[in-house]
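# Structural overview
Below, each chain spelled out in residue letters.
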Amino acid sequence: QVQLVESGGGLVQPGGSLRVSCVASGSIFSINAMGWYRQAPGKQRELFADITYGGRTNYADSVKGRLTISRDNAKNTVYLQMNSLKAEDTAVYSCYADILRAGFLTSRNYWGQGTQVTVSS
């Protein structure tokens, strides 16, 4: 079994900062890409940031310069540092990881349950 668990969400004022984390655990042999999705009320889920094992990152234009993805491979953890938050950043933030399980030949994506981030005064 593999499990991804997010933490660190909450309520923050506009212009504020927040850091969320996602830890992968279980029968993991290796992790390739990791990333973050978000889904705002009434909108489709959006993949807005991902990072390779080697640290190469990609961002959606909507978050460039404000949100930063990073990872700690030794801890099987991906982070999201969010700065200059806006009301439109309010969403459920979920992580994913492309994981090769021990004893398996191919990897697949796993997702966490998500953590709520609310930006409001």
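None of the values given here were measured: they were computed from a predicted structure.

Taken over all residues, the pLDDT of the chain has a mean of 96, while the share at 70 or more is 100%. Here strand S5 (residues 46-51) stands out as the least confident element of the chain, with mean pLDDT 96; strand S8 (residues 77-82) is the most confident, with 98.

Turning our attention to unusual backbone geometry. In the Ramachandran plot, Asn-76 falls in the positive-phi region, its phi being about 50 degrees despite a non-glycine side chain. Relative to the assigned elements, Asn-76 resides in the loop between strand S7 (67-72) and S8. Here the phi dihedral of Ser-84 falls at roughly 50 degrees; this positive angle occurs in a residue that is not glycine. Take Ser-84: it is sitting in the loop between S8 and strand S9 (91-101).

By size, the foremost hydrophobic cluster in this structure holds 31 residues, and its most contacted members are Leu-4, Trp-36, Phe-48, Met-82 and Ile-99. For this core, the secondary structure elements donating two or more residues are strand S1 (2-7), strand S3 (18-26), strand S4 (28-39), S5, S7, S8, S9 and strand S11 (115-119). Looking at this core element by element, the count peaks at five residues for S9.

Quick look at the state of the cysteines now. Going through the model one piece at a time under the given rule, you end up with one disulfide. Shown here is the disulfide that connects Cys-22 with Cys-95, its sulfur atoms set 1.9 Å apart. Every disulfide takes its handedness from the sign of the S-S torsion; for Cys-22 and Cys-95 that torsion is 50 degrees, giving right-handed. Placement of Cys-22 in strand S3 and of Cys-95 in strand S9 is noted, with a sequence separation of 73 residues between them. Note on Cys-22: relative accessible area 0%, which makes it buried. The buried category is assigned to Cys-95, whose relative accessible area is 0%.

Here the focus is the pattern of salt bridges. Working definition: two side chains of opposite charge can pair if their charged atoms are close together. A complete count under the given rule lists four salt bridges for this structure. Two residues, Arg-38 and Asp-89, come together in a salt bridge whose shortest N-O distance is 2.9 Å. Of the two residues, Arg-38 sits in strand S4 while Asp-89 sits in the loop between S8 and S9, which places them 51 residues apart along the sequence. We note that Arg-38, like Asp-89, is buried. Residue Arg-66 is joined to Asp-89 by a salt bridge in which the shortest nitrogen-to-oxygen separation is 2.7 Å. Taken together, the residues span a long stretch of sequence, with Arg-66 in the loop between strand S6 (57-59) and S7 and Asp-89 in the loop between S8 and S9 at a distance of 23 residues. The pair formed by Arg-66 and Asp-89 is uniform in burial state, with each residue classed as buried.

What counts and what doesn't
Residues numbered from 1 in each chain as written. Predicted model: local features only at pLDDT ≥ 70, side-chain atom pairs only at ≥ 80, totals over all residues. Heavy atoms only, no water. pLDDT = per-residue confidence, 0-100. Helix = DSSP H or I, 4+ residues; strand = E, 2+ residues; numbered from the N terminus. Core = buried A, V, L, I, M, F, W, Y, C linked by side-chain atoms within 4.5 Å. Buried < 20%, exposed > 50% of the residue type's maximum accessible area, 1.4 Å probe, protein only. Disulfide = S-S within 2.5 Å. Salt bridge = Lys/Arg side-chain N within 4 Å of Asp/Glu carboxyl O.

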